[in-house]
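Coordinate inspection notes
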Amino acid sequence: MNRYLIVAVSAFLLLGLAAAWNGRRMRESLGQVEAHVASANQQRLEIGKLNAGFTSSEGRARPEDSVLAAMDRMSPWMVSGTPGLAGAAIGQTALRRTIWRPNSVGAERGLEVFENGQTLAAGGFDLAIVMVLALPLVILFAPRHDTLLLALGPAVSLLGILVSGAPLAQADTWMRALVWLTLTGLYGFFWVFLRRKEWVYWATGVTYLTLVLIVPGLAVAVVDLVVPASSRMELAAKKQAALLPIMAKTSRDLAPFYESHPEFVENGATPADYDRIRLAAEVQWSEAWEPLRQQAEGSAVLHRLAVEVLGKLSPASILYSALLETAGTGVSRQDAFEETAREFGRQWSVALRASVGRGHPLRPADLDRLPTFRYQEQSLLSWMLPAVIGILSLSAWVAAMQMTRKRR
Amino acid sequence: MILSIVLKEWKEFWRHRAMRLVVLAYLGVYALSVLLGAVEHSRYETSRVAAEKSVRESWLNQGEKNPHAATYFGTVAFPKRSALSILEPGALPYLGVVAYLRAGLRTEFVDLPARDESPLAGLANLSPAFCWQVIFPFVIVLLTYSALARDRETGMERYLMAVGSNRATLVFGKTFGVGLVLLVIYLAAFGLGGAIASLAGGFGQEDTSAWLLLGLFYFLFSGTVFFLALAISGLAATSRKSLTGGLVMWLLIAVVLPRLAADNGRVSTASPSAMEMSRIAESDLERGFEDRPPRDVRTEGTLNMLFREMKVGRREDLTVNLPGFVFISEAEVENASRGLRLGQARRTFASQNATMEWGAAFSPATALQLLGSTLAGSAATQRDGATDAANLYAHRMRRILNRELAAKGKEQGGAFLTGKKMWNQIDIFEADLPKQIEAAATRTRSIVTLLIWFTFTLVLAATSGLVVPQLGERS
């Protein structure tokens, strides 16, 4: 075998393994969030129980608390689990994984990522990036040995997935890995069919640059220009404009409680009064806020969808999107989690209202009736659909390249 | 002789139609990226001004309220962006654009624009900075790979040596010839970018100085890539090997190593997760921190302090509003906790950035990323100024409103209301633009690294061109 080919293949293998090793480190670091959430929930429950007056051994019981205030201190934080294939495609897990919390009207995004923007901006080095950017270079510039070059993507992917710390005991991991291998295999076919003997080097280079970097970049830029996501600043201003009048109405009713301090209650008002007024205000607020939120989220979804559609003009962007969705580090897994969190929020609010209905003070039996949040892995359909669209789109590109090749 | 070679290279390059197209295409893509950046900047500024106006109106017209209740709904702050961020958006998509200035909330900028973006933006975002850091180096490799290797491959080098040419003359002639072409592309792109950004965003004096410095760093980075590609061309036996070597160098310098440097930063010192920050903040307030006692003890302390000062023994005898004083004291504690924890988080981020900056030793693109974003005021650390200003503003707002309650709310307590006159006493929030030149001056490690890279690769290119052809001759 050509020595030059051996060097190229070895270099690609090393790059893939280095990326997988780096991904493994990043995946472990991402996993810490779940431990923090579990620890914080434990602490919240302890403080909440103390304040609800169940234990007065530390002398810090606060039995005068309203049911709402006590439950607010105990409500659990929710976060999605770290995806099994996150080590292969870190994607935007650190950016998108928000932490949610149930409240009296459902669930809300409580905390955003607290990350160093500088490191996020540089992007991550993972197997997905190696497949998208380096595989075409090897296929285009290494000596021709089609069988070996076609096998390169799936083979290095498989090794990389094993090195990246994916949980191999789970069937879900293997199914996702299989889709991953199919995608990289098709991507390899595309570049092999695209390659032309008569092309001079610079023409091959320009083709690579255009398809891998310029077209995906243009897709994002053009959609940013034509279908931008709605401004978060304007949304905040609208939120403020909607919130203040609603809260002005309840301000007089909540006056004896200094807005949210039932511990300083005055004029004979009771914690039960606080719960009633507060709950009514939160329902009103939720009714005003929900359409604004949905509009903003809808605009972001439309924006991302437009990028996805336009991104089909480049096999590189098709592969990148599909690999992230397959690994669970794209958008669909977080969306699925948020839907689960909202559903849990609905259950929580029903239980909470029932506790409020039973009146003050909160009893241990009330706590037993509260639902417990358990993270559910996204459904097969929610990640398989974008992956299959990716496979079909890549197949279309492969077929197109094969046809032009035959014609020549 | 050198001049003749330079002129020959120059003429040959421009005679090549495909090469002219490559250059024009690159300049077109670059101009487009600057235009898109300008549109985004203008859209951001319009949106910010409109949102600021709207929240101010909401604040002034919020109706009568208990002053403490007003602190719960507060107001909202939005950060400014420099005009130069059109060219170097840096970390801006990953920095929040909204800070809710309210009681009981950690004041920081949330709502990251990148979260609404497609994940595809993580692959390629076509910003002007991306063009300089990723696309232009690729173009440099394409235009340079054959500079020395092809003559060796075709036997032209031996021929020229046989007719009396000096090797140094050949190498320097080639270097200056290709370098001149690249210099023209560099100047055209740099000038074009500056002109469009200046027209669209209105450069101030700071922006202009920062832009000129940015030009110097682009020059050093592009020069480094050029010399490396030239060195590879000088070392490679064939132009194909030269191109492959150049592309591997590009992949490492522009893609792999900057990403790896950032990941190293993140892993070397783990960021405190939002959850951990929130848990610590809750614990601080409830259980106390450093020399601050738990909440109940603090409330007791405030009550005792008022008893002593007013020389009374019962709550009913106080002539001031007790909750008002508790709120003032609690706000101080919250502020101290926030300052302490934010300071710890910032030290973590600073340590991550330092690790990332060390990565520049392996990739000059990392140094350029850090320097470019800092000069444009779009580095993550430069948002700290706006965050501090927002925190200070929120703290002052709470103090003014809680003092009003403490002083005047004794009789009516929570029912004490205040109105527009009070709301007018709270000024509008306005954060300054981030310091650009001053902040860039602190990035000495990146500046030195970029200079070392430039000098090292210059020497490497010269030596490889002069020494290695002997190997070629042997072959």
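Residues numbered from 1 in each chain as written. Chains lettered and ligands numbered in written order. Predicted model: local features only at pLDDT ≥ 70, side-chain atom pairs only at ≥ 80, totals over all residues.

Focus: the overall build of chain B
What chain B contains, in helices and strands, is 19 helices and 2 strands. Computed over C-alpha atoms, the radius of gyration of chain B comes to 30 Å, more than 25% over the 23 Å expected from 2.2 N^0.38 for 475 residues, which places it beyond the range of a compact globule. Its C-alpha atoms give chain B principal-axis dimensions of roughly 110 × 40 × 35 Å. Expressed as a percentage of the 475 residues in chain B, the buried residues total 53%. (Helix = DSSP H or I, 4+ residues; strand = E, 2+ residues; numbered from the N terminus. Rg over C-alpha atoms; globule rule 2.2 N^0.38 Å. Buried ≥ 20, exposed ≤ 12 C-beta atoms within 10 Å, placed from the backbone.)

Description of the overall build of chain A
If you tally the helices and strands in chain A, you get 14 helices and 2 strands. Across its three principal directions, the C-alpha atoms of chain A cover 90 × 45 × 35 Å. Every one of the 408 residues in chain A was classed for burial, and the buried ones make up 51%. If you take every contact in chain A between residues at least 6 apart in sequence, the share linking residues at least 24 apart comes to 82%. (Contact = placed C-beta atoms within 7 Å.)

Examining the nonpolar core
Core analysis: the biggest nonpolar cluster contains 254 residues, and Val138, Leu319 and Leu323 of chain A have the highest contact counts within it. Per-element tally for this core: the top contributor is helix H9 (residues 205–235) of chain B, with 16 residues. Discounting chain neighbours no more than four positions away, the residues touching Leu319 of chain A are Met131, Val132, Leu183, Tyr187, Gly390 and Leu394 of chain A. (Core = buried A, V, L, I, M, F, W, Y, C linked by C-beta atoms within 7 Å.)

Notes on the pairing of strand S2 (residues 106–111) of chain A
The sheet contact formed by strand S1 (residues 99–103) of chain A and S2 of chain A spans 5 bridges and is antiparallel. Looking at S2 of chain A, one finds that Asn103 of chain A is bridged to Gly106 of chain A. (Pairing = 2+ DSSP bridges.)

Re the interface of chain B and chain A
Counting residues at the interface gives 91 residues for chain B, matched by 92 residues for chain A. Secondary structure elements with two or more residues in the side of chain B that touches chain A: helix H2 (17–60), helix H3 (67–73), helix H4 (113–116), helix H5 (128–144), helix H10 (239–268), helix H11 (274–287) and helix H13 (322–358) of chain B. The element best represented in the side of chain B that touches chain A is H10 of chain B, accounting for 16 residues. For the side of chain B that touches chain A, a count of residues per class yields 55 nonpolar, 22 polar and 14 charged. (Nonpolar A, V, L, I, M, F, W, Y, C, P; charged D, E, K, R; others polar.)

Notes on the packing of helix H6 (residues 146–163) of chain A against helix H7 (residues 171–194) of chain A
Residue and element names in this part refer to chain A. Where H6 contacts H7, the two axes come as close as 9 Å, and the packing angle between them is 150°. The pairing of H6 with H7 is recorded here as roughly antiparallel in orientation. By crossing handedness, the relation of H6 to H7 is classed as right-handed. Contacts between H6 and H7 involve Asp146, Leu149, Leu150, Leu152, Gly153, Pro154, Ser157, Leu158 and Ile161 from the former and Ala177, Trp180, Leu181, Thr184, Gly185, Tyr187, Gly188, Phe189 and Val192 from the latter. When the residues that make up the contact of H6 with H7 are grouped by side-chain class, the tally is 12 nonpolar, 5 polar and 1 charged. (Axes fitted to C-alpha atoms, helices over the stretch in contact; angles between N-to-C directions. Parallel < 35°, antiparallel > 145°, perpendicular 65-115°, else oblique. Left-handed = near helix turned anticlockwise from the far one by under 90°.)

A closer look at the pairing of S1 of chain A
For S1 of chain A, the buried fraction is high: 4 of the 5 residues fall into the buried class. Joining the antiparallel neighbours S1 of chain A and S2 of chain A is a turn of 2 residues.

Focus on the confidence of the model for chain A
Residue and element names in this part refer to chain A. Per-residue confidence for chain A gives a mean pLDDT of 87, with 94% of residues at or over 70. In the model of chain A, helix H13 (residues 364–369) stands out as the element of lowest mean pLDDT, 76, in contrast to helix H11 (residues 315–327), which has the highest, 96. Low pLDDT, under 50, characterises residues 55–61; the stretch is placed with 11 contacts to residues that sit more than four places away or in other chains. (pLDDT = per-residue confidence, 0-100.)

Quick word on the confidence of the model for chain B
All names here are of chain B. When pLDDT is averaged along chain B, the result is 88, and 97% of the positions lie at 70 or above. Residue range residues 470–475 is modelled with pLDDT below 50. Its contacts to residues more than four positions away, or to other chains, number 4 contacts. Overall fold confidence for the complex sits at a pTM of 0.91, while the interface term, ipTM, reaches 0.89.

A short note on unusual backbone geometry
All names here are of chain B. Despite not being glycine, Glu290 shows a phi value in the positive range, around 45°. Within the element layout of this structure, Glu290 appears in the loop between H11 and helix H12 (295–310). The phi torsion at Lys311 lies on the positive side, around 55°, for a residue other than glycine. Within the secondary structure layout, Lys311 lies in the loop between H12 and H13.

Looking at the packing of helix H5 (residues 127–141) of chain A against helix H8 (residues 201–226) of chain A
All names here are of chain A. Where H5 contacts H8, the axes come no closer than 11 Å and their chain directions differ by 160°. Judged on the interaxial angle alone, H8 and H5 are roughly antiparallel. Crossing hand, H5 versus H8: right-handed. The segment H5 lies against H8, with Val132, Leu133, Pro136, Leu137 and Leu140 engaging Thr204, Tyr208 and Val212. A class-by-class count of the residues in the contact of H5 with H8 yields 7 nonpolar, 1 polar and no charged.

Regarding the environment of Thr270 of chain A
You can see Thr270 of chain A is positioned in the loop between helix H9 (232–251) and helix H10 (271–311). Linking Thr270 of chain A and Phe114 of chain A, residues 156 residues apart in sequence, is a C-alpha distance of 39 Å.

Quick notes on the environment of Val226 of chain A
For Val226 of chain A, the location among the structural elements is in helix H8. Measuring from C-alpha to C-alpha, the distance between Val226 of chain A and His303 of chain A comes to 9.1 Å, with 77 residues separating the pair along the chain.

Examining the environment of Ala70 of chain A
Inspection of the secondary structure assignment puts Ala70 of chain A in helix H2 (residues 67–74). Taking the C-alpha atoms as reference points, Ala70 of chain A and Asp126 of chain A, 56 residues apart in sequence, are found 44 Å from one another.

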